[in-house]
Amino acid sequence: MTRLQDWIDKEGEVILREIGIKDGQNILDFGCGKGIYTILASKIVGSSGKIFALDSDEENLLGNLTNKIKAENVKNVEVIKTSGEIKTPLNNESMDVVLMYDILHLLDNNERMKLFKEAYRVLKTRGIASYHATHLGGTYNIALEEIHKKMKENGFHLDREFKRPLFHWAWIEDSTIINYLKG
């Protein structure tokens, strides 16, 4: 068994529950990629919740995710294909959690602000914007102090920060997870 599969089978759901995902919630997985978090979260929210998996389909990741959803008979996931814009078709205050996992480094500062505004728009009051802090500093110019500042400017406050092993690209690594609350 690979480390990734072991993490999926034994740790993934536990960590997502710790982040705040619960039965019956609506979750936006913004930049869902391969859908690792999408599938895990779908098991947690159950039949009374729903996962909205949003991404562009540059590498047919959404096609692969759609096939996996069908193969595993997952009924509570809606895949949303975008052309790369930072906008969702979701209603105002309709989400309990927005996952922003391994995505901010792919966005410029203007796009990050748009994402924070969009997360605020779709989240319910006291909803969680959960950020998997990857690619800090260096080439991608991401500083946690700046992310905290921009989230605060957009109506969020820091709830908690913790370290857990998370999926990142094709492996599991020790990661920083930061939860912000709306309102």
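Residues numbered from 1 in each chain as written. Predicted model: local features only at pLDDT ≥ 70, side-chain atom pairs only at ≥ 80, totals over all residues. Heavy atoms only, no water.

## Some thoughts on the environment of Thr-134
Then, number 1: Mapped onto the secondary structure, Thr-134 falls in the loop between strand S5 (123-133) and helix H6 (144-153).
Then, number 2: The exposure class of Thr-134 is buried, given its relative accessible area of 5%.
Then, number 3: Residues Thr-134 and Trp-171, 37 residues apart in the sequence, show an inter-C-alpha distance of 13 Å.
Then, number 4: Among all residues touching Thr-134, those that are not within four sequence positions of it are Asp-102, His-105, Ile-142 and His-168. (Helix = DSSP H or I, 4+ residues; strand = E, 2+ residues; numbered from the N terminus. Buried < 20%, exposed > 50% of the residue type's maximum accessible area, 1.4 Å probe, protein only. Contact = heavy atoms within 4.5 Å.)

## Things to note about the side chain of Gln-25
Then, number 1: You can see Gln-25 is positioned in the loop between helix H2 (12-19) and strand S1 (26-30).
Then, number 2: For Gln-25, the side chain forms a polar contact with the main-chain oxygen of Gly-20, separated by 3.5 Å.
Then, number 3: Excluding residues that lie within four positions of it along the chain, Gln-25 makes contacts with Gly-20, Val-45, Gly-49, Lys-50, Asp-96 and Val-97. (Polar contact = N/O pair within 3.5 Å; in protein donor to acceptor, adjacent residues only side chain to side chain.)

## What to know about the pairing of strand S2 (residues 50-55)
Then, number 1: Judged by how many residues are buried, S2 sits mostly within the fold: 5 of 6 residues are covered.
Then, number 2: In this structure, S1 lies alongside S2, joined through 5 bridges in parallel fashion. Note on S2: the bridge partner recorded for Phe-30 is Leu-54.
Then, number 3: Here 5 bridges tie S2 to strand S3 (residues 77-81), and the two strands are oriented parallel to one another. What sits directly across from Asp-55, in S3, is Lys-81.
Then, number 4: At this point the chain moves from S2, through helix H4 (residues 61-71), to the parallel S3, and the crossover so formed is right-handed. (Pairing = 2+ DSSP bridges. Right-handed = clockwise from strand over helix to strand, strands pointing away.)

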